[in-house]
Amino acid sequence: MRKRFYACFLSACMLGAVYQLPAQDDNSYKTPPKEIEELVLAKPTPGVSLDSKANWMILMERSSFPGVDELAEPELRIAGLRIDPNNFGPSRGSHITGLQIKNIQTKELSAIKDLPKNLRAGILQWSPDETQFAFTNTEADRIDLYRVNIAEKKAYKVNTTPLNAVLGNFGIFSWLDNHTILYRGVVNGLQQLPPKPLAPKGPNIQESKGKQGASRTYEDLIRTAYDETLFEFYATSQLIKNDFTKETKIGIPAIYSRISASPDKNYLLVSKINKPFSYLVPANGFPTTIEVLTVNGESKKVLATNPSSEGNPIGFDDVPAYARNYSWREDEPATLTYIQALDKGLGRTKAPYRDALYAVSLEGNATPKELFKTTMRLRNIEWGNNQLALVYEGMTATRRTRINTFNPSTGALDSLFERSTNDAYSDIGRPVTVKNSFGKDVLFTSAGNTQLLLTSQGSSPEGDMPFIQSYSIKERKGKILWRCQAPFYETIEDVIDPEKLIFVTVRQSQTEVPNYYIRDLRKKSLAGTPITNFTNPYALLEGVKKQKISYKRADGIDLTADLYLPKNYDAAKEGPLPVIIWAYPREYKSAADAAQVRGSKYMFTRINYGSPIFWVTQGYAVMDNAEMPIVGEGSQEPNDNFIPQLYLNAHAAIQAVAKMGVGDSDRVAVGGHSYGAFMTANLLAHTKLFKAGIARSGAYNRTLTPFGFQAEERTYWQAPDVYYKMSPFSYADSIKTPLLMIHGEADDNPGTFPIQSERLFNAVKGHGGTVRLVYLPFEAHGYAGKENILHMLWEQNNWLEKYVKNAKGTINSEPQGKKAF
């Protein structure tokens, strides 16, 4: 009887997507209108991977939405990870389900022989000479490694030992040379899995002995001694070298979180996770040993043994006080560098220098050599040669970033360019790289190391117009060599030959699907040569009118939004439409930066499961990417005036479409996901601008994220008034506008625990508000299951039809709840 009850209960949980509904409600899965269903299930265009010379192209078909039954498969949630206990890999993620090879010169498209029968491929990697590529393939009980010979169009299985991807697919394997691949292998089979004790040996205890240990809110942490046992069992791996004839074990089994071969391939830089495992931070914060091994597995040098990150400072500009970011210099055979904080890792303290970069010798115990110091946090280094590297530094608090030139031979560090991280208009771009003799990407330079080649997204008052430019280091100015032209949006994907200025782009327009082109600037033709011919997967959106509209909020800040209007819509005949505003707030330290135009009006409309654009097929005017800047200039932080600025943004958006005659200001819905959901609940709590709101996977009580959230660095105890006023939970008694809340019941995002939605639902319900809470079974922060996604869209459509399109009466455009202003 007990077993029967459990089976019925489990079945009900899997079938019932709606949480806390009246008993008479039908809890079975529903589907949205056929236009929405057809769009969300449309097969997307293939993914593409090109070799560096654009001779060969791999076309990758992506997996469709899995069924809820697949999401319901066993899953371990420990150490901040989600593990498939049957195959030593991640339990969630999309896969490649089809692979083809295209000869770009002849345009011949070829199938690949001997691929796995049920292909579920992971990340692809080209061999150094690009005559092969390798990929992982996930089976129900193991992960395998395959390589494909381009000339033969044939796949070969590489491994005997199953691969271990518990700590993620990224870095699970790498090419050492054209005939050798290094990977992490499973050590223990499932038959050796330690059994779970029927009863614990004692209580679970955590203790603090007076040392500060603030941490963010994380999901899926280790909670019990058995969790520790499981993590160690599943995460332990063996490094294996495979020359396509045999497997050779490298070193001893350990919990390898990172493996990086030196440029000359003679050494391996490894990071190994140690005990004790933390109960407060995920696996990437566990104690770690950083060591150099020879390529045969002997220990060459132990570089550091670092503690858990539990006690590290948590400010946005804070870093550990110990050495961090060990990495190889890409322009030398086997030179290691690391970063050392010079301000004890505390970004808010005054210090002439923040960081220093050191080089460490692999031989003996020589003192590490200081290469340079930075006045801001050292973010990245682009190595070039023995006379030039680019050094990136910046500070989150001031929103400043700087690019320096560094001469490794002389030690000279000189500022090249500086800007605000919010000022996209002045971004000069990223440097073009080429392969050096070690096969590593290094800076492309010309004119005796005095010229760089840069590609940029080309932000401007006209929107993003990507470009490529030559940049004079001496004169500190660039010359644009090519820029995309209206009415197209064309991005630079890869530079094939920087000397001859041949590069690959992806071009699209409002009516043209994104396709790949080769451009040769030596030719005068304005049009590039197309190398793909993808067609529109969203035929139902043909004829929909898209425009990027501009408008001002009451304090003068310029705003934009992407406005979509139904096919054949005539405002003069049909009148204004019901409106959906979808947004995500962002913080700025400058009103001028906040007013910059983002995105491009020439982009082709692509749609994903979370998009509001579906409703343009249902007779709505849709405002997507409606700008919601929150500005705090000078000594003020943006969140000091969060609520008033939300009102200004929302009011301006509504008035913009109303003045155009296309939007009915009395029939407007607002919605968003994550921080957009937080925005939605706040707008409903503090204004009467809307007929309804849709809030997906949000956080609504900021006291539950007390050590900071989003761009808020201050803790609850430092700014309690800000936390209180920004929490819509504090004003749940004022939420009378109908609110639809949707949440993945297995949300894994820090801060947006499902209890956030449960508590707000109960608070609004308890004060007589109109509210509905839908928990999607087995879903994380982003949703994946076909049934869940279709049901989510059905819920949203019903809510909009009932409370917005067919609503009666006018709304008050004035803010409410002035106690929060």
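Before any of the text, the structure's been laid out above.
Described below are features of the structure shown in this document. From a predicted model like this one, the values you see are computed outputs, not experimental measurements.

How each quantity is defined
- Residues numbered from 1 in each chain as written.
- Predicted model: local features only at pLDDT ≥ 70, side-chain atom pairs only at ≥ 80, totals over all residues.
- Heavy atoms only, no water.
- Helix = DSSP H or I, 4+ residues; strand = E, 2+ residues; numbered from the N terminus.
- Rg over C-alpha atoms; globule rule 2.2 N^0.38 Å.
- Buried < 20%, exposed > 50% of the residue type's maximum accessible area, 1.4 Å probe, protein only.
- Contact = heavy atoms within 4.5 Å.
- Areas by Shrake-Rupley, 256 points an atom, 1.4 Å probe, with all protein chains shown as cover.
- Expected span 1.5 Å × (residues − 1).
- Core = buried A, V, L, I, M, F, W, Y, C linked by side-chain atoms within 4.5 Å.
- Pairing = 2+ DSSP bridges.
- Polar contact = N/O pair within 3.5 Å; in protein donor to acceptor, adjacent residues only side chain to side chain.
- Phe/Tyr/Trp six-rings, centres within 6.5 Å; stacked < 30°, edge-to-face > 60°.
- Axes fitted to C-alpha atoms, helices over the stretch in contact; angles between N-to-C directions.
- Salt bridge = Lys/Arg side-chain N within 4 Å of Asp/Glu carboxyl O.

As for the overall build of the chain
Part 1 of the argument: The helix and strand inventory of the chain stands at 11 helices and 47 strands.
Part 2 of the argument: Relative to the compact-globule value of 28 Å for 821 residues, the chain shows a C-alpha radius of gyration of 28 Å, a close match.
Part 3 of the argument: Along the longest, intermediate and shortest principal axes, the C-alpha atoms of the chain span 80 × 75 × 60 Å.
Part 4 of the argument: Within the span of the chain, comprising 821 residues, buried residues form 56% of the whole.
Part 5 of the argument: Residue pairs at least 24 apart in sequence account for 59% of intrachain contacts in the chain once pairs closer than 6 positions are excluded.
Part 6 of the argument: Accessible surface, the chain: about 36,500 Å² in total, of which carbon and sulfur atoms supply 50%.

Comments concerning helix α8 (residues 675-686)
Part 1 of the argument: In this model, α8 (12 residues) spans 17 Å end to end at C-alpha, consistent with the 16 Å of a helix rising 1.5 Å per residue.
Part 2 of the argument: Most of α8 sits inside the fold, with 12 of its 12 residues counted as buried.
Part 3 of the argument: Those residues of α8 that fall on the buried side of the exposure criterion are Tyr-675, Gly-676, Ala-677, Phe-678, Met-679, Thr-680, Ala-681, Asn-682, Leu-683, Leu-684, Ala-685 and His-686.

Examining the nonpolar core
Part 1 of the argument: Among the nonpolar cores identified, the biggest contains 63 residues, and Tyr-551, Ile-581, Met-623, Phe-690 and Leu-760 are the most heavily contacted of them.
Part 2 of the argument: At 10 residues, helix α7 (residues 642-660) tops the list of elements feeding residues into this core.
Part 3 of the argument: Setting aside chain neighbours within four positions, we find Ile-581 in contact with Met-623, Ala-626, Met-628, Ala-653, Ile-654, Val-668, Ala-669, Val-670, Gly-671 and Phe-690.
Part 4 of the argument: Counting 50 residues, the second-largest nonpolar core is a separate cluster that includes Ala-42, Met-57, Tyr-620 and Leu-740.

Description of the pairing of strand β26 (residues 413-420)
Part 1 of the argument: Here strand β25 (residues 400-406) pairs with β26 via 7 bridges, running antiparallel. Bridge assignment links Arg-400 to a residue of β26, and that residue is Ser-420.
Part 2 of the argument: In sequence, β25 turns back onto β26 through a hairpin of 6 residues, with Gly-411 there showing a positive phi of about 85°.

Section: the side chain of Asn-242
Part 1 of the argument: Examined against the element boundaries, Asn-242 turns out to sit in strand β14 (residues 237-242).
Part 2 of the argument: Among the polar contacts made by the side chain of Asn-242, one reaches the main-chain carbonyl oxygen of Val-158 at a distance of 2.9 Å.
Part 3 of the argument: Within polar-contact distance, the side chain of Asn-242 engages the backbone nitrogen of Phe-244 at 2.7 Å.
Part 4 of the argument: Ignoring sequence-local partners within four residues, the contact set of Asn-242 consists of Val-158, Asn-159, His-179, Thr-180, Ile-181, Tyr-183 and Glu-247.

What to know about the packing of aromatic side chains
Part 1 of the argument: For the structure shown, the criterion picks out 27 aromatic pairs.
Part 2 of the argument: Both rings, one in Trp-175 and one in Phe-244, keep their centres 6.1 Å apart while their planes meet at 85°; by these two values the pair is edge-to-face. In this pair, Trp-175 is assigned in strand β12 (residues 173-177) and Phe-244 in the loop between β14 and β15 (247-261), connecting sequence segments 69 residues apart.
Part 3 of the argument: Judged by centre distance (4.7 Å) and plane angle (55°), the ring pair of Trp-799 and Tyr-803 falls under tilted. Of the two residues, Trp-799 and Tyr-803 are both situated in helix α11 (residues 786-805); the distance of 4 residues between them amounts to about one turn of the helix.

Looking at the sheet that holds strand β3 (residues 76-78)
Part 1 of the argument: Within the open sheet, the 3 strands sit side by side as β3-β4-β5. Their pairing is antiparallel. Each edge of the open sheet is held by one strand with a lone partner, namely β3 and β5 (89-90).
Part 2 of the argument: Bridging between β3 and strand β4 (residues 81-84) involves 3 bridges; their strand directions are antiparallel. The residue of β4 that forms the bridge with Leu-76 is Ile-83.
Part 3 of the argument: Along the sheet, helix α4 (residues 225-235) contacts β3 and β4; its crossing angle with β3, the most-contacted strand, is approximately 105°.

Focus: unusual backbone geometry
Part 1 of the argument: Following Lys-275, the chain continues to Pro-276 via a peptide bond in cis, the omega torsion being 0°.
Part 2 of the argument: One can find Pro-276 in the loop between β16 (267-273) and β17 (288-294).
Part 3 of the argument: Here the amide bond leading from Ala-486 into Pro-487 is cis, since omega sits at 5°, within 30 degrees of zero.
Part 4 of the argument: For Pro-487, the position within the fold is in the loop between β33 (477-483) and β34 (489-497).
Part 5 of the argument: Within the chain, Lys-153 stands out as a residue other than glycine whose phi angle is a positive 55°.
Part 6 of the argument: Here Lys-153 shows up in the loop between β10 (143-149) and β11 (154-157).
Part 7 of the argument: For Lys-153, a relative accessible area of 17% puts it in the buried group.
Part 8 of the argument: In the Ramachandran plot, Lys-344 falls in the positive-phi region, its phi being about 65° despite a non-glycine side chain.

Observations regarding the pattern of salt bridges
Part 1 of the argument: This model, assessed by the stated rule, comprises 40 salt bridges.
Part 2 of the argument: A salt bridge links Lys-34 to Glu-35; its shortest N-O distance comes to 3.8 Å.
Part 3 of the argument: Overall, Lys-34 belongs to the exposed group, its relative accessible area being 63%.
Part 4 of the argument: When its relative accessible area of 23% is taken as the criterion, Glu-35 is described as partly exposed.
Part 5 of the argument: Between Glu-363 and Lys-300 there is a salt bridge, and its shortest N-O distance comes to 3.1 Å. Of the two residues, Glu-363 sits in the loop between β21 (355-360) and β22 (369-374) while Lys-300 sits in strand β18 (residues 299-306), which places them 63 residues apart along the sequence.
Part 6 of the argument: A single salt-bridge network, built from bridges that share partners, covers Arg-324, Asp-343, Arg-354, Asp-355 and Arg-377.

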